[in-house]
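What the coordinates show
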Amino acid sequence: MKRVVGSPGTWSGMALRLSQCVFAAASTFSMVSGFGYSNYSAYFYMNLALILQLMWSLGLACKDIFALRNKKDLHTPDNLLIIVMIDWVVAIFMFSAACASASLTIFFMWDTHLCGEYSRLACRQFGLSVVLAFITWLLQAASSFSGFWLLVSFF
């Protein structure tokens, strides 16, 4: 069995999944605590992507904990294929949502200066949420690449 850092069923894979959960939850909380996020489709889309990311990462973290505790091997080609395919879909979904929200935040803060005119608009919270979403995506990309690397090593 090959040991790839961040692959399913390893301590580093569990740490990656749990850190994805933490950053996704922090980003979601930052977005939801701001006034008016649901009025803008990019922020709503990012919140939806973050919730999907949170559920997927939490499920795989639980699977990693189970595998580590019971000394099960998650490195079978069928299992890895499903995990890698869903990882890549979630990573693309997360990246597109973070980019859309970042462009809307830049538009509000620097292009139209809406943040200065409307003090109720929580631009700083939206910006923090976007930064946390990009960190979540980077962690998701790391676990996606490690799973892909392990999957490719089988063939």
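Note on numbering: residues in each chain are counted from 1, in written sequence order. Per-residue local features are limited, in this predicted model, to residues with pLDDT of at least 70; the limit for side-chain atom pairs, both in listing and counting, is 80 or more; totals at the level of whole chains, interfaces and linings are taken over all residues. Calculated side-chain values reflect all of the structure's heavy atoms, with hydrogen atoms and water omitted.

The protein appears in an unreviewed UniProt entry as CASP-like protein from Aegilops tauschii subsp. strangulata. UniProt positions are given in the numbering used here, feature names are shortened, and annotations may be inferred rather than shown by experiment. What UniProt records for the protein under Subunit (unreviewed entry) is the sentence "Homodimer and heterodimers." The UniProt entry for the protein carries the following text under Subcellular location (unreviewed entry): "Cell membrane".

As a further point, take the side chain of N79. Among the secondary structure elements, N79 is positioned in helix α3 (residues 77-111). We call a residue buried when its accessible area falls under 20% of the maximum for its residue type, exposed when it is over 50%, and partly exposed in between, using a 1.4 Å probe and counting protein chains only. Here N79 falls in the buried class, since its relative accessible area comes to 16%. Side-chain polar atoms of N79 contact the side chain of K63, separated by 3.0 Å. Ignoring anything within four residues of it in the chain, the contact list for N79 reads K63 and L74. Helix and strand definitions follow DSSP, with helices as H or I runs of at least four residues and strands as E runs of at least two, each counted in order from the N terminus. For this analysis, a polar contact is any N or O atom pair within 3.5 Å, provided that within protein one partner can donate a hydrogen and the other can accept it, and provided that sequence-adjacent residues contribute only side-chain to side-chain pairs. Residue contacts follow a heavy-atom distance rule, with two residues in contact if any of their heavy atoms lie within 4.5 Å.

Once that is clear, we can look at unusual backbone geometry. In this structure, K71 is a non-glycine residue whose phi angle is positive, near 55 degrees. With respect to the element layout, K71 can be found in the loop between α2 (41-70) and α3. Judged by relative accessible area, which is 74%, K71 ranks as exposed.

Turning to the packing of α2 against helix α5 (residues 123-153), a few remarks are in order. Relative to each other, α2 and α5 sit at 40 degrees, their axes nearing to 11 Å. In terms of orientation, α2 lies oblique with respect to α5. Of the two elements, α2 crosses α5, and the hand of that crossing is left-handed. Along its contact with α2, which presents Y43, M46, L50, Q53, W56 and S57, the element α5 presents F126, S129, V130, A133, T136 and Q140. Polarity classes work like this: nonpolar for Ala, Val, Leu, Ile, Met, Phe, Trp, Tyr, Cys and Pro, charged for Asp, Glu, Lys and Arg, and polar for all others, with Gly in that last group. In terms of residue class, the contact of α2 with α5 is made up of 7 nonpolar, 5 polar and no charged. Angles here are taken between N-to-C directions and fall from 0 to 180 degrees, while the axes themselves are lines fitted to C-alpha atoms, restricted in helices to the stretch in contact. If an angle is under 35 degrees, it is roughly parallel; if it is over 145, roughly antiparallel; if it lies from 65 to 115, roughly perpendicular; otherwise it is oblique. For a crossing to be left-handed, the near helix must be turned anticlockwise from the far one by less than a right angle; the clockwise case is right-handed.

The next thing to look at is a nonpolar patch on the surface. For patches, a residue must show more than 30% relative accessible area and have no salt bridge; joins then use 9 Å for like charges and 5 Å for nonpolar side chains, namely Val, Leu, Ile, Met, Phe, Trp and Tyr. In these tables, accessible area is a Shrake-Rupley quantity obtained with a 1.4 Å probe, and a residue counts as shielded only by the protein chains included in the view. Each salt bridge in this description consists of a side-chain nitrogen of Lys or Arg and a carboxyl oxygen of Asp or Glu lying within 4 Å of one another. On the surface, a cluster of nonpolar side chains totalling about 490 Å² of accessible area is made up of W88, I92, F145, F148 and V152. When contributions to the nonpolar patch are tallied by element, the ones reaching two or more residues are α3 and α5. For the nonpolar patch, the element with the highest residue contribution is α5, accounting for 3 residues. Considering the arrangement of structural elements, one finds I92 in helix α3. Its relative accessible area of 58% is what places I92 among the exposed residues.

Within this structure, the stated rule accounts for 1 salt bridge. The partner of R17 in a salt bridge is D87, with the nearest N and O atoms 2.6 Å apart. Separated by 70 residues along the polypeptide, R17 in helix α1 (residues 11-32) and D87 in helix α3 bring together distant segments of the chain. Each of the two residues, R17 as well as D87, counts as buried.

Further remarks concern the nonpolar core. We define a nonpolar core as any set of buried Ala, Val, Leu, Ile, Met, Phe, Trp, Tyr and Cys residues linked to one another through side-chain atoms lying within 4.5 Å. Among the nonpolar cores identified, the biggest contains 20 residues, and M31, Y43, M46, L50, F108, F126 and A133 are the most heavily contacted of them. Setting aside residues no more than four positions away along its own chain, F126 makes contact with M31, G34, F35, G36, Y37, Y43, T105 and L121. Within the second largest apolar cluster, 5 residues are counted, among which are V4, L80, L150 and L151.

Cysteine sulfur atoms that pair up within 2.5 Å are treated as a disulfide. If you walk through the whole model with that rule in mind, you get 1 disulfide. Disulfide pairing is shown between C115 and C123; the S-S distance is 1.8 Å. Across the S-S bond of C115 and C123 the torsion is about -90 degrees, and the bridge reads as left-handed. Unpaired in terms of disulfides, C21 finds its nearest cysteine sulfur in C62, a separation of 8.0 Å. In this structure C99 is a free cysteine whose sulfur lies 19 Å from that of C123, the closest cysteine sulfur available.

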